[in-house]
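Chain by chain, the residues:
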Amino acid sequence: MSKGPVKECVRSRTPPRERIIETARDLFHKHGLRGVGVDAIAEAAGTNKMTLYRHFGSKDDLIAACLTEAGREAAHEWDEWEAEFANDPKKLLLEWIDCAMACAVEDPRGCDIANAAVEITEPDHPARKVIAQVKTDHRDRLARICHAAGFRDAELLADALTLLVEGARVSWQSVGPEGPGSRFVQAARAIVAAFGGPKT
């Protein structure tokens, strides 16, 4: 039996602001920030431009809200990982390495935050602060995990892994997961090993 009417009923009960963000995130992910207009977002969300602008003063504000939500989801995922591997931060670090590769293979569009950083060139765009904060938080999480695992020079290790994953994302999008990015896991694990492992 078709679930269409049921899905539409659930969708109609979703608050407009949440529905607009959910729809915009999906469209931005598929087509890029520049490739989607507010008319298309409003129509796909089952609302109108007046409602969209009532919740978001501009498309730029909507973009910032979408990236903020993406950052919240990423932080929640990190929280779950840290809870699961609370007694083994090194295993958590290796889990993150494997997950980053798996995500790249599953979704060739890559990281919405990184993609937005490339598309948005205006320094005063409201999303710029969101992008910087999310990426800084991600790097700081890695640093805390490296510290917790007892690695020597944990800050530098976190920076090296951050740079590696960001570069790998570009490679994955440029030439696909079969290019240099296919060796991300090996490279990341080699970097971890090069830092001498946990302090004794």
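Residues numbered from 1 in each chain as written. Predicted model: local features only at pLDDT ≥ 70, side-chain atom pairs only at ≥ 80, totals over all residues. Heavy atoms only, no water.

## Comments concerning the overall build of the protein chain
The condition is simple: Numbering of helices and strands runs from the N terminus, with a helix taken as a DSSP run of H or I at least four residues long and a strand as a DSSP run of E at least two residues long. A 1.4 Å probe rolled over the protein chains alone gives each residue an accessible area, and that area as a share of the maximum for its type sets the label: buried under 20%, exposed over 50%, partly exposed in between.
The secondary structure content of the protein chain amounts to ten helices and zero strands. Element order for the protein chain, N to C, with α for helix and β for strand: α-α-α-α-α-α-α-α-α-α. Judged by the C-alpha coordinates and their principal axes, the protein chain covers about 60 × 45 × 30 Å. Split into buried and exposed, the 200 residues of the protein chain put 40% on the buried side.

## So, the confidence of the model for the protein chain
Operational definition: For every residue, the predictor reports its confidence as pLDDT, a number between 0 and 100. Any pair of residues with heavy atoms lying within 4.5 Å of one another is described as a contacting pair.
Confidence along the protein chain averages 89 in pLDDT terms, with 92% of residues attaining 70 or more. In this model residues 1-10 is a low-confidence stretch, pLDDT under 50, and it forms zero contacts with partners more than four residues away in sequence or in other chains.

## Overview of the packing of aromatic side chains
Two numbers describe a pair of aromatic rings. These are the distance of the centres and the angle of the planes. Applicable threshold: Each Phe, Tyr or Trp ring (for Trp, its six-membered ring) is paired with any other whose centre lies within 6.5 Å, and the angle between the two planes then decides the class: stacked below 30 degrees, edge-to-face above 60, tilted in between.
Tallied over the full model, the rule gives three aromatic pairs. Seen from their ring centres, Trp 78 and Trp 81 are 5.3 Å apart, and the 80° between their planes marks the pair as edge-to-face. Placement of both Trp 78 and Trp 81 in helix H5 (residues 59-84) is noted, with a separation of three residues, approximately one turn of the helix. Residue class for Trp 81 comes out buried when judged on its relative accessible area of 13%. Taken together, the ring pairs in this structure connect Trp 96, Trp 172 and Phe 184 into an aromatic cluster.

## A short note on helix H2 (residues 16-31)
Cut-off, in case you're wondering: Each helix should span, by expectation, one fewer than its residue count multiplied by 1.5 Å.
Over its 16 residues, H2 runs 22 Å from end to end, which matches the ideal 22 Å to within 8%, given 1.5 Å per residue. In the stretch just after H2, Gly 32 is the one whose phi turns positive, near 90°.

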